[in-house]
Every structure is written in structure tokens, then in C-alpha cells.
Amino acid sequence: MTLYFDTKIEFLDSDAVSTISSWHPSEPLFAVASFSPERGGSVTIFADTGEPQRDVTYPVHATSQATALCWHPEKALLASGWEHGDIHVWFAGHREFASVSAPHKAAIVLLQFSEQGGRMVTADAMGLVTGWRCDGQYQFLTMFSHDLREVLLLICFRRTVESEVREEMANLAKAAVAGDENALDTLTNWRPRTAARGMTHSGVRDNHCFYACTQGGVVYYINQGGACLEVMKCGSLPPIVQMLWHPKKDAVICLMEDLTVTLFLVESTGILTELDRVKMSGRGGGRQGGIAWSGNSLAIITGDLFVRIWDIERSDNYLLKMDLPSGNQIGSSMTSLSNGTLSSSNQFFSQDSTESSSVPRKTPKFGGEIFTCLAYSNTNQTLCAGTSQGNLYAWKRSGSRLVSAPEEAWQLTNISSVRGGAIRSCEWGFNELGKPCMLVNCPSNVFMLKEQPLLAVHIRELWAVQRAAKTVQLTHCSGRETMVQSEFPVTALALNELSLVLSNGRSISSYSLQRVEKKSLDEFDEILEAVEGAEAPPSTGGSPSLSVKLLQTFPAECLSLGLHNQNIFCLGASDIMIYSVGGVVLHRLQASDIEGKIIGMDLSGCHLSLFTMNGYVKAYDVSRHDPKLLFPSKSGHDIFDDFGEFILVKCNSQGNHLAMVIASSSFTPISRLYCWDFERNNLLEYVLGEGESKKESSSLPVRIFWDADEPRLLAMEVKSMMQKKNVPPKNSHHSHAQAQQPSHFVQSQILLLFYSEKDTLNVLETQPLKPGSQLLNLCVPNVLLLKINAVEEQPLQDFVDLQQCDAVTRKQVLNFSLYVAEGNMDLAYRSIRSIQSKVIWTNLAKMCVHTNRLDVAKVCMGHLEQARSVRALRQAIEDDDLEPEAKVAILAIELGMIEEAKDLYRSCKRYDLLNQLLQATGHLDEALEVAETEDRIHLKHTYYQKAQELRERGDIKGALEYFEKTQNPAQNITQLLLENPAAMKRYIQTTSDPKLLKWWGQYIESSGDMDAALSVYHKAEDWFSQVKILCYLGKISKADAIARQSGDRAACYHLARHYENVGKFQEAIMFFTRAQTFSNAIRICKENDFQEELWTVASSSRQRDKAIAAAYFEECGNFKHAVELYHRAGMLHKALEMAFESQQPEILEIIASELVPESDAELINRCADFFSSIEQFQKAVTLLAKTRHLERAVTICLERGVPVTEELSEMLTPEKGEFEEATRVNILIQLGELLQQQGDYHSATKKFTQAGDKIRAMKSLLKSGNTDKIIFFANMSRQREVYIMAANYLQALDWQSDAQILKHIVSFYTKGQAFDSLANFYAICAQIEIEEFQDYGKALTAMQEASKCLEKLAHAQHAYNNLQRTVADVKAILEIQQALRDGDHQLVIGSCRSMLVKPELPPIRHAHILAMLVRSLVYAKQYPEAGRALKELAVKDNSWSASGLVDRGIVQKIAKECDLDFDLIWNSGRQVVTASSMSTGMSSSSRTSAMTTTRASYDDDEADDEEITEELH
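Residues numbered from 1 in each chain as written. Predicted model: local features only at pLDDT ≥ 70, side-chain atom pairs only at ≥ 80, totals over all residues. Heavy atoms only, no water.

Let's talk about the overall build of the protein
How we decide: A helix here means a DSSP run of H or I that spans at least four residues, while a strand means a run of E at least two residues long, and both kinds are numbered starting from the N terminus. Buried residues are those whose accessible area, probed at 1.4 Å on protein chains only, stays under 20% of the maximum for their type, while exposed residues exceed 50% and partly exposed ones sit between those limits. Two residues form a contact once any of their heavy atoms are found within 4.5 Å. The protein chains shown are the only cover counted for residues, whose accessible areas, like all others here, come from Shrake-Rupley with a 1.4 Å probe.
On a plain count of helices and strands, the protein comes out with 51 helices and 62 strands. Per-residue burial over the protein gives 52% buried out of 1513 residues. Within the protein, residue pairs in contact and separated by at least 24 positions form 50% of the contacts whose partners lie at least 6 positions apart. In the form shown here, the protein has an accessible surface area of approximately 69500 Å², with 49% of it arising from carbon and sulfur atoms.

Structure follows, in C-alpha cells:
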């Protein structure tokens, strides 16, 4: 809630009248041009106090007056244009107005600055437009001049449209508290004193382009360089009378002379493109209209008494309400702005609340009155409009309102009347503290309206509330009050038990208060009791009032006030002055230059806390004459990690903790409360909205108050900006209104916090704050709230009904509350155990209902000596089926808090207990409603209780109605009507309830009227009773028909007994069977030897009856039926024994198919023996496998050769844990051997693997010959023997043509560490390379690999040495081959002969050496020697020509040179190759293999066994 009061601007000339005015955009300065007949025209600059600036010589022209005023947007610079074309400029800090040499000869009609003031444009009445540049030395230089030869109506500079991200950063502080006026005031109290003003255009480039609109309708665009372009020609559109730049896009909104509002898109070149056009209806032309931006919407006036809002983005428009809500009826609906200040009837309040009155009050409409001007403030979201008859309307848009239509967000807060006549203009500005002010310009006077929050202060027994600008209401807790009329508008207020201090910022008035003694309070109470006893009407004149006396009024600059004892603490512009109540200066508190000037102060008790411009904080003890500094000044940068400035600082009553709210280094408020223990330098913090999402809410502390007596406890008002959850509209009619609702609203609450010994800030409780209320003080046991202009007390949860307790009890209960909140129940109980008052214990117990503290409630009930209640409460606590709320409800019932108990039962949805409570308290109608809607399980019982209540009241008809609803009327209604048979008969004739009709039939039957009873039974469809009476009457055929048709078991049984009695046994058996009394039917069959009927009955009877029938058939020798019935009766032993005796394999097979592992083992074995005895071994094995007798099943398979299929194999496989491990392995081994015998090697491998015997598994798999599975099994088994077996198997394959097999052989031998076998394999490879391909190079490589393998064997040294010799021979042969290729024939010949001298050792062959010798001799032309060598070759190898050892051409050349027969020689070497050469190689391999050693195999891996088994499967 805010209060407005006015200040009339007084000119230096008393007879001067105002002409034009202008307020600086960011500084607390405004200028007013005036004209007086004696002195002429003048321009005066005023401060926000309404007083002219001192030390300034204002320009005065006797024959001319100022026609244009404009402030620089960032600097304190005023430019003024005059009628004779002069331009005068005033700079802050200068005494004189400087004159600017201008080319204008006519009156200056327009004067504008660009967005950042880099360009100034002036226009005169002759159409001359001049552009100016202002340099850093405040010199104005002419940039361009254009003679447009037509009068200009307006100039509109182009603005820089900021990005959404930058706009969000710039409005971050406001966004945190959007829609909350008080929190925004808190921020602006410190923001203007920082660099926030300079941040307005930081990073934004100034735009010098502008539009100039002429009276003839031509629009010119002057660009950055001063070039002029015509963008709209004369006649295309009406003249533009007002142009505004769009706040979010490059577009302009224009008001035409014909009241058309047009939206133009602006291109980079200045060309205008029309986007939208709206034609307004109104009186007069566009000169009487006006437009102004109100946020993102456009406010429009059209020469009438209506304000229209056009939401361009949503294409919506609506009219603002012109009715004041009845909640504003504090003073007059029409307030008058007179000379001086507002009286008590001249106040008006704006409320940030969602409350609205149901009875709106109409605003008086004056004939011919129209709106003349508009002004909107983004800071407080207020739109003002002035009228032609001097009325000023103000609408406030509240972001905290949940509205169904967009116009509901605007509330007309006040209407003020200006005595100066029509309002020509109204303009918003800011005062020194950054709070909004309004300048209202009338034809003769100028008024400045200031806005401030309503002042109020509270102490324990006394409080003061500002009721008007000059009126303060003083109230005592006893009810006494008085009105204090001040000499000036009150802007600051302080109060204690002795004095009241008021200030208007420039003066201070002190008042003395008469102390109200206890005796006088008692007398006042007696007067009140006497007045109430006489039922006299209340009269303020007869009741005593507070005595207030004005002491002194003295001048003092004052921004904030504090009062302790008789000392007044006054915060000035930079320091704190301490005065006595008589105005004597006692002390002066100043800050150093490093600390900066003092900008904030708070006085809590005898402790003064303050903070400075540079972020320093101090605290003083002012209880003595000289203030005592509690700690050296501390910088906020040393206390906090992220610090910008202090917002609020308050000291507790003990003087050791400071509660602080700060802004971050980016000058945005931090959503945390800090509590600094400056004695121990310990900082505590509480984060607001810690459990909430940042996207859904943002919170800010607004006000803080420490308790006056308890130093640990403080209250904090928190305003949170909550995101409204979008609820889809129920119908299309509301869809548009739903889309227009605001996305956020403001929610307020009060947090009560306390600091504990554990150095934490804990929440004691949270109280909701109603809209329109604010926190005023914390004074245990109450939280004091200010709602509009009334003080309300809101007790703490633990002090409900304890507001009047004494100080000792208050202290004990408060300690109890703090200890409970801290979780220390021992200290909590210890703090209150000394209380003896049962009233207090009762109130504490009731408080436990609200706080859900059952443990504490049990103690309270014990002190109240309520044993029954304690027992009920203990049982409720021990009942785990009860919800916590239901347990608390039981406590509430014991305390007589029935309504609270109902609410608790509803909250936990225990409607059954709620129903019981309502019945017990006699609220049966409400109980019925609960039962019908929520507790339907107890609905019939509730009907019964209601019927009993009506019966006791004598309402028989109502009781009958509710007895019928119980659906059990027979017992209840018969008891009700039994004494009145006639009424009973009438009621029965109208009812159709079967139970009631049956009772009535029995009643008639007992009287002997069988026919009437039969009729009633027929109506009730009681078949048994009908059959019974018909049998009694001898109408057997009719009874038989009813029994057959109805199928009623009781009727059939009764008729069967009748037939049995008369000897009709077949009919009796049939009806006994229909009645499902099979024992009676079987009894008749046995007695009469009806075996066929017995078999039929027994087949559909119960097991016990089947067994009886089977025994009868056994006695009769009918074993087939007996066996089958015993089987159906579940007597398997008996059935099997009889089947064995009677040799019935078919039934045995059926019985065996039903056996399960849980069946009797003996029974299973007997069945298996029977199948074996008749040589049905497959069935025996299947039975044993199914019943998990696996050992015997496998034995039968082995002994009898039963073929094992894959399905049977799986059945015979034991699961892990089913048998002992040894037994399981034995079964799997036997099963694997069996499968191996039958040739199913894959399944056998699987079983061996499951048994863990991988060697047998590999042997079985080797027999299958599946190479892929053998390789996979070897890789997965990771067992040495398996690797070797796999490698040996692969070695027997064609590994020469398959590189993968060769790779696996080497890998398996290596993994199996069979280096001897691997060496042998490499030797074989070398031998094959030499024998088949004569490739000694590859043979050498293989021998080297074999040598590496032999190196790893400790006992293979001899084989290693032999291999090395062979390697040396192979290398020698390779050298001979290289020499032969190089043509060194003599070296080849010598080497070959030396090699031939040595004995031939495999794999070296003399035949290969002789072949090289032959070729060398031929190449050396030693043909005779070549012939002899060839002859020796033929002796060594009779297949030398077939194997290609010597080329055909070489042999031909030898034959030719030696004269030999070529064919004979060549054919001698083409004999069949024998296998003799392989024997020597194998012997060498065997020798190598004999010298190798083996190592231990790897451990089995169970997981790999399963994978191998699966792969093989």
C-alpha cells in the first residue's frame, strides 16, 4: 500500500504561470517554464523536494517565453528553446545558462535529444530543422540544417532495439520481484546510488536517425549523416500528430489526425511499411487524442473519457474500468490537490491485492470532460491520465492478480482533482531515492506528486499508523487511541513508550506521550464493562484517549528515523545525527572516506546498525550517552563471497547478530537471508525457495524484524514470484480469457527463523500473508501485520489461545517451541514442566493438534489428569493402520475440537472414521452425505442408525424408508410393525422384498392358512417352501414340476426325501443327484444294488463318495469301475494295487502320466517295475525321468539299450542343486557314455561338458569330425589336454591348403604348452617344404620356429643340437643356391662336392645337391664331370626327371656333348616315387618328440563349459 501527497511548485515570481515542464529521465531534477506579465518568460530548475536549484541564474526574457524544453537522457543537461529562436543550455554545476548560436529566426517549436544524447535536433515555426552534436566540453556544433518550409508537428528519434537476452539481463532485478511494489522500492532505495544509472545504455550504440512529420502530412527521414529523405508524401495519409517507437522491434506506432492508429515497420533505410491499422472513434480530431506505451501494450485516448488498451501482440483491445472499488473508501473518492498537502480526506491508496469488492462504486462523470494526456511508469506499473476538468485518474496493473480477462489486471486506484484547471501534461520522474514521482502541469500551477509506502511502527504496547499525509493514528494495546496532526506531510516516523517523532525529510517534530499505567488500564476496563453492561452505543467522546503533546519542531535533513529513550537518530544524506527530543544535537556518526557515506540505518532496541555506500557495516550500542562501537567496521566483501551492496541490516536485541539482505556483485538481490554472528565471526545463511524450481518461482526477502525480547528469533516477509500453472479452459468461451491471463503472480508469506547453538538457521513456522498485508513487527506471542491502515495480530502456532499469558510463561512456551523445532525434545519438555496452569496445558495440547506433535500431547494430557484420553491417545499412536492425521484427529476429539477432527479425517481420506464421528456427535444427515459419496462400505449401517433415530422420534414412515435402504428389512421392519398386523399386511402387499415376503409366508403358514402361504411363497419365488407345502397337500406332480423347473437344491432334496419315503427310488436318486446330496443317492443305490445308477452318480460326486462307491464295486468284483473310481478319488496306491492285481495296463498308463516328482517314490517305482515287467522300457524310463528318478532311468537305458532322444536326454539331465554334485556328475557321465554308444556325439559332448569332464567331451567331439565345433570347444575349454587333442586332430587334416587350420594348430600347441609337438610339427613342415617344393628358405623358417620351441624345453638339448646342425646345413644349401644364381660356378662346384662328402641326414637330400652340381658343371662347360654327376644323381633318385630336379635342356646338352642317348637318360629318372624317403624324416620327428616334457593343465572354467555345450548343441 502506498500514499501519495502533493507539493505545489512555487515560482520565483508569485504571479508567474507555468507553460511547459520536463522531468529528467534518470535524475531527481525537473524544469518548468513560466511567464509573468512583469518579468516575462523564464525557466526554473527544481529538485525533487520542489525547491529551486540554488546558485543558478535563471534566464529571463521580458518579451519572450520558453517554447521547448528537453533534458539530456544521461547527463544533467537542460536545453531550452525560446520564441525568438534562441537556445539556452544549462549544465549541472554551472551557474549560468549558456547561449547556443543557432540559425533559427522563428520560435523553437521542437527540441529533442537522441537515445543517448549524442545528437540534438531543433525545429522552428518556419520549418528549419537543425542537427547538433554535443562534445565532451559541452559545446554544441551544427551538423546539418534543412529548410522543410512547413511547420513540424513532431520529431521521433530512432531507437536501438535490444535483444531479448540483454533485455532480460537489464530487467533481472525487476523480474525477481515483478508485480511487488514494496520489494521493488527496497531495491530502488540502493540501486540509484550505484552505477546502475550508467548502465542504462552501456553497450548500446547511439542512433542519430530520426523522423520529422510536418503539418501537411509529409514524413521525412534524416539519417545518421544528416541526409534528408521523404518517406511519406502529402495526401497519402492524414498528418501524424504523435509517433512512438516500438519497444521490442524496429517499428513505429503513429496517431493520425483522424484518430487512426497505424503500425509501420521501419526498414534500415527508413522506409515505412504499414503492418496494421485501427480506426478509433471519438470526439474531436487527433489533436485531442494521445497514445503512450503501457508496458508492451498501447494506451490510447481519443477525445473522450475513456482509455483503451491495444495489445498489439495478441491483437486484443479493451477499455479500462472507470469505477473505484469499494475497498478504496478510506477517504473521499475524489481527492483534491490544493496548496500545501493532503488533508485526511485527500488521501488515496493503491493496493497490491487480489481482493475486490462485490459492490463497486460508480465514479461521477462530468459533462464535456475528456482525457487530455497520458503517462505510464514502468517502475510501479501505473498509468495516469489527466482530464480537461482537472481530474487525474490512476490505474495500477498488478502482476499478482489471477484474472479471467486482461482488463481485470488494471485497477483504478484513485481519482484526484486539480484546482488549477485542466491538466495539460503529466510526466513521471524519480526522486533522490529512485522512487516514482509525477509532475502535473496545469494552466496556472504545477504540482509534484510523491509516492511513498504507508508508514507504521509498532512496539509491544503501542503502535502508530499513518492515516493521511499529515495524520498519524496512535493506538495503545488497551484500546486507547488518538490522532496526531502534523504540520507537514510525514515521510518518516519513530515511536517508543515515551515519545513520537515525525519528519517530512526537512524538519522533525517530537511529541511526548503520557505513560499508561496499569491502574489506569484497570479503570479503563471497568468503564468498558460498564458500557457493555448498559448496552450503550459506542461513543469515542466518552472513552479516555492517549495524551500527546508537541515538544519541538526543528529543521533537520532526514531520510530515516530512529528513537531510543529520549534520543532521536536521524539519517541524513551522508551521516547520522543524534538529537534530543528538544532538537539539541548530541552526537554525529560519520563514516570514513574509505567506508563512504552512510546510506542505511536501523535501530532495534538499544542497538544501532548502519551500512555505507562502499559496502561497510557497523553496529553501535546506544544505551548510554555516547554510542559504543560493537565491532570495527567490516566490509561486505570480507564477509560474503559475492557481494555488491547491503539492502537491509538489522541487529538483534542481544547485540551479537546482524540479519542482512544483500545484492550480488551484479547488483541483483540475492534470495538469501544472512545472519552474522560478529562476536565469533560466524556467518549463517538461509536460502529462500531451496526446494523449489528456479523456473517456477523466485523469492526475495522484503522485511526483517527481530523479536524485541528473544534474541534468537526473527520474522521475515518473503515475496515470491510464482509461475502460474496453465489450466486448459473448459470451453471455448473462456479460451481467449485464459490466454490473456498473466503467467506469474506474487505470493507472500512470513517465515519465522531462529538460530541455534549448532550455528544453523532453522524455520520455526511459516505463516501465509494475505494480499494487501505486510509484516510490521515481531512481538512474541504475536506477529504484527499491517493491512491497509489497520494493525492486526496473528499469533504464533504455539501461542494460539495464549496471547494473554505472563512474561514467564511466554518465555517458557517460546523455549518449548524453539526446542521442538530444533528436535531437542528433552529440553523442550524441561522448559515447560514447571507450568501448573491447566489452561496452559490445555492450550498446549490444542496447539499439538495444529503442530501434529502427539508425543508432546501425551505429556499435556497427563498433566491434565485425563487418564481416559491418555489411554485413547496411546492406543492411537500404537495403531500402525492409522494415518498420522487420523491419530491427531483422535487427540482433537479428546479435546473437544470436533471441527478440527473432521478436517483431519478429510485430509487423510479416512471417511469411515469421519462417518463414525458424525454418528457419535448426532450429525446423521452429514454422516449420510459422507457415506453416500465417500464411505459406501458403511452406507447400510449409516442408514440403520438414521432409521433408529427416526424410530425413536416416532417417525415410522421415515424409519421404514431408511430400513428399506439397509437391504435387510425383514428383521427391522417386522419388529417395527409386529404390534400392528393391519399395517404389516398393508406394507407387505406393497413390497417386493423376497426376505420380507418369505417371513410373511412363514407367519401365515404358522397360522394354518396353507393356500395363502403358498401364494405368498410363489410371489417371493421361494421354491423350497412351495414344494414343502405341495408335498404336505399331496400335490406331488405340481411339486415335481416346480422342482424340475427351478432346480432349487432345497426343493429337490425335500422332494427326493418324499420319493424315498414312498418307495420311488429312481426318482429319489435323480432328485438327490440334482440336490447334489450324492451320499444319499449312493446309499439308495447300494441298498438296492443299482450298479449302473451307482456308477453314474459316483462319477459326478465328491471324492469321499467316489471312494465309498469304489469300495462297493470292489466287493462286487467290478474291478474296472473300482480302479477308476479309486483313481478319481485320489487313492492312487489303492488304484495301482488293484490295477496290478487285475492286470490293467491302460489305467496304469493313465495313472503314471499324472505322477509328479512329489508323488510317492514307492508308487513310482512300482509303476516303473510294472512297465519293465511287460518290456515297455521306454515308458518306464520316461516315467522315471519325469518323476526325477534319474539314476534308475539311466541304468535302465544302459542295461536295456533304450534309445535316448534329444527330449529324453534333456529330461534325464539333472539340474544344479537337484542332486549331490557327485551323483549329478555320475548321472551325466553315464548319460554321455550312453549317447556316445548310440552315436550321438554332439549330445554326448554336451553331457560330458555339463559334468565338467572336458577331455571326454573333446574325445566324443573328435569322433563326430565337426572341425568348427572342435575348434570352438578347444578355444572355450582353456584346458591343456584339450588343446593338444584338438591340434593333433587338425594336424591330420589338409592343413597345407587351409591357412586357418595351420594357424589353429600352432595356436593350440602354444596354448597347451606342447612345445615338443609344436617343434615336431614345424619339422614336418620343413621336411614337406624340402621334399615337395625344394624350398629350403621356408624350411629354414620352420626349423627356426622349431628351434625356438625346443629352447623352452629343459630336457631337449640333444634334439636342439641336432636341429642346429641341420639348420647349418640348410643355410649352406641356401648359400649354394645364391652362388648359383650369382654365376659363381666354381664356388658352387666346390661347395657341392664338400657337402656330398658328408653322410645324408634328413631333411637334407644329396639328390638336390647333385642337381645343383650338374647345373653348375654344365654352366662351367665341364660336360664329362656333369655326366658323371648326373649318373650319380640317377643312382640316388630314380625319379629325378619326374620331380624336375634337372631341366630337360641341361640333360639334352650333356647328352649331346658326351654323345649319350638322351631318351635313355631322361626316361631313367621318371620312375614312380616311393615312400622310402619319408621314413627317415619321421624317425627324426619321433626323436624330437621323445625329448619333450609336459606341464600341468589349466583349471576348468564352469562358465565356458556352458557356452561350449550350447555351441555344440
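A short note on the nonpolar core
Our working definition: Residues enter a nonpolar core if they are buried and are Ala, Val, Leu, Ile, Met, Phe, Trp, Tyr or Cys, with the set joined through side-chain atoms within 4.5 Å.
The biggest cluster of nonpolar side chains holds 75 residues, and the ones touching the most others in it are W1440 and V1446. Setting aside its immediate chain neighbours within four residues, V1446 contacts A1411, V1414, L1433, W1440, V1451 and W1466. Residues L778, V780, L914 and L918 belong to the second largest nonpolar core, which totals 58 residues.

Notes on helix α10 (residues 854–863)
Our working definition: What the arc describes is the spread of directions from the helix axis to the C-beta atoms.
What α10 keeps buried is the set L854, V856, A857, C860 and M861. Seen along its axis, α10 keeps its buried residues to an arc of 150°; they face one direction. Phi turns positive, to about 60°, at E865, one or two residues after α10.

Observations concerning the pattern of salt bridges
We apply this condition: Any carboxyl oxygen of Asp or Glu that lies within 4 Å of a side-chain nitrogen of Lys or Arg is treated as forming a salt bridge with it.
Applying the stated criterion across every chain, the model contains 27 salt bridges. Here R712 and E710 are joined by a salt bridge, their closest N and O atoms 2.7 Å apart. Looking at E710, the relative accessible area reads 3%, which means it is buried. Here R910 makes a salt bridge to D912, at a shortest N to O gap of 3.0 Å. Neither residue differs from the other here; R910 and D912 are each classed as buried. One salt-bridge network, held together by shared partners, links E899, K902, D903, R906 and E926.

Some remarks on the side chain of N777
Note the cut-off: Between N or O atoms, a polar contact is any pair within 3.5 Å; within protein, one atom must be a potential hydrogen donor and the other a potential acceptor, and residues adjacent in sequence are included only when both atoms are from side chains.
Counting through the fold element by element, N777 comes out in strand β60 (residues 773–779). For N777, a relative accessible area of 10% corresponds to the buried category. A polar side-chain atom of N777 sits 3.0 Å from the main-chain carbonyl oxygen of H458. For N777, the residues in contact, after removing those within four places along its chain, are H458, I459, F705, W706, V783 and L784.

Structural notes on the pairing of strand β45 (residues 576–580)
Our working definition: Two strands make a pair as long as DSSP finds a minimum of two bridges between them.
Counted residue by residue, β45 has 5 buried out of 5 residues, so it is predominantly covered. Residues I576, I578 and S580 line one face of β45 and the alternating positions M577 and Y579 line the opposite face, and both faces are buried. Bridge count between strand β44 (residues 567–571) and β45: 5 bridges; the pairing is antiparallel. If you follow C570 over to β45, its bridge partner there is M577. The loop that links β44 with its antiparallel partner β45 comprises 4 residues.

Observations regarding the environment of F1090
Mapped onto the elements, F1090 comes out in the loop between α26 (1078–1088) and α27 (1091–1099). The spacing of F1090 and F1065 is 25 residues in sequence and 10.0 Å in space, taken between C-alpha atoms. Apart from residues no more than four positions distant in its own chain, F1090 is found in contact with F1065, Q1066, I1069 and C1085.

A closer look at the pairing of β44
The buried count for β44 comes to 5 of 5 residues, which makes it a mostly enclosed element. Across the two faces of β44 the burial is the same, with N567, F569 and L571 and I568 and C570 all buried. Inspection of the sheet shows strand β43 (residues 560–564) paired to β44 by 5 bridges, in the antiparallel sense. Each residue of the ladder has a partner; that of G562, found in β44, is F569. Between β43 and β44, which pair antiparallel and follow one another directly, the connecting turn spans 2 residues, one of which, N565, has a positive phi of 55°.

Comments concerning helix α23 (residues 1036–1046)
For α23, every residue scored as buried is listed here: I1036, A1039, D1040, I1042 and A1043. Down the axis of α23, the buried side of the element spans an arc of 165°, and every buried residue falls inside it. Exposed and facing more than 90 degrees away from the buried side of α23 are S1037 and Q1045. Contacts made by the buried residues of α23 are with α22 (1023–1033), α24 (1049–1062) and α25 (1065–1074). The first or second residue beyond α23 is G1047, which carries a positive phi of 70°.

Comments concerning the confidence of the model for the protein
Predicted coordinates in areas of low pLDDT are best not read in detail. Formally: The quantity known as pLDDT measures the predictor's confidence residue by residue, on a range of 0 to 100.
Per-chain confidence: the protein averages 76 in pLDDT, with 77% of residues scoring 70 or above. Low confidence marks residues 530–542, where pLDDT is under 50. Its contacts with residues over four positions away, or in another chain, come to 1 contact. Scored below 50 in pLDDT, residues 727–740 shows 13 contacts in the model against residues more than four places distant or in partner chains.

Things to note about the sheet that holds β43
The condition that has to hold: Helix axes are fitted to C-alpha atoms over the stretch in contact, other axes to C-alpha atoms as well, and angles between N-to-C directions run from 0 to 180 degrees.
The 4 strands lie next to each other as β43-β44-β45-β46, forming an open sheet whose pairing is antiparallel. Because the sheet does not close on itself, it has two edges, and the strands there are β43 and β46 (585–589). Recorded for the sheet is a direction-independent mean angle of 20° between the axes of neighbouring strands.

A short note on the side chain of H88
Mapped onto the fold, H88 is located in strand β8 (residues 87–91). A relative accessible area of 10% means that H88 is categorised as buried. Among the polar contacts listed, one links the side chain of H88 to the side chain of H61, at a separation of 3.2 Å.

Examining the packing of α23 against α25
Two measures define how a pair of helices packs: the angle their axes make with one another and the distance between the axes. Short version of the rule: The handedness criterion is simple: a crossing whose near helix is rotated anticlockwise from the far helix by less than a right angle is left-handed, and one whose near helix is rotated clockwise is right-handed.
Viewed as axis vectors pointing N to C, α23 and α25 meet at an angle of 35°, and their least axial separation amounts to 11 Å. Considering the relative orientation of α23 and α25, their crossing is left-handed. Residues D1040, A1043 and R1044 of α23 touch α25, and the partners they reach there are M1070, F1071 and R1074.

What about the sheet that holds strand β12 (residues 128–134)?
Strand order in the open sheet formed by 4 strands is β10-β11-β12-β13, with antiparallel pairing between adjacent strands. Two strands lie at the open edges of the sheet, namely β10 (108–113) and β13 (140–147), each paired on one side alone. Within this sheet the neighbouring strands show an average axis-to-axis angle of 20°, counted without direction. As judged from the 5 bridges shared by β10 and strand β11 (residues 119–124), these two strands associate in the antiparallel manner. Looking across to β11, one finds that I108 is bridged to D124.

A look at the packing of aromatic side chains
Convention followed: Classification of ring pairs rests on two measures: the distance between centres of Phe, Tyr or Trp rings, Trp counted by its six-membered ring, which must be within 6.5 Å, and the angle between planes, read as stacked under 30 degrees, edge-to-face over 60 and tilted in between.
Taken as a whole and judged by the stated rule, the model has 22 aromatic pairs. Arranged with centres 4.6 Å apart and planes meeting at 35°, the rings of F631 and F678 form a pair that is tilted. Pair noted here: F631 is in the loop between β50 (628–629) and β51 (634–635) and F678 is in the loop between β54 (672–677) and β55 (682–687), with a separation of 47 residues, a long-range link. Residue F631 shares its accessibility class with F678, and that shared class is buried. Overall, the relative accessible area of 10% leaves F678 in the buried class.

So, unusual backbone geometry
Looking along the chain, the bond that leaves V780 and enters P781 is cis, with omega of 20°. One can find P781 in the loop between β60 and β61 (782–787). Despite not being glycine, F667 shows a phi value in the positive range, around 60°. One can find F667 in the loop between β53 (657–663) and β54.

Here we look at the state of the cysteines
Selection rule: Disulfides are defined in this document as cysteine sulfur pairs within 2.5 Å.
Taken as a whole and judged by the stated rule, the model has 0 disulfides. Of all cysteine sulfurs, the one in C254 lies closest to C213, which takes part in no disulfide; the gap is 6.4 Å. The class for C213 is buried, based on a relative accessible area of 1%. Residue C254 is classed as buried on the basis of its relative accessible area of 0%.

What to know about the packing of helix α46 (residues 1406–1419) against helix α47 (residues 1423–1436)
For clarity, the cut-off: In these notes the angle categories are as follows: under 35 degrees is roughly parallel, over 145 is roughly antiparallel, 65 to 115 is roughly perpendicular, and the rest is oblique. When residues are grouped by polarity, Ala, Val, Leu, Ile, Met, Phe, Trp, Tyr, Cys and Pro land in nonpolar, Asp, Glu, Lys and Arg in charged, and all others, Gly among them, in polar.
Running from N to C, α46 and α47 point in directions that differ by 160°, and their axes come no closer than 9 Å. With respect to each other, α46 and α47 are oriented roughly antiparallel. In this structure, α46 meets α47 at a crossing whose hand is left-handed. Of the residues in α47, those touching α46 at H1406, A1407, L1410, A1411, L1413, V1414, L1417 and V1418 are Y1423, E1425, A1426, A1429, L1430, E1432, L1433 and K1436. Its residues assigned to classes, the contact of α46 with α47 comprises 12 nonpolar, 1 polar and 3 charged.

Digging into the environment of K719
Mapped onto the secondary structure, K719 falls in strand β57 (residues 713–723). Placed 16 residues apart in sequence, K719 and R703 show a C-alpha to C-alpha distance of 9.6 Å. Of note is the side chain of K719, whose polar atom sits 2.8 Å from the side chain of S748.

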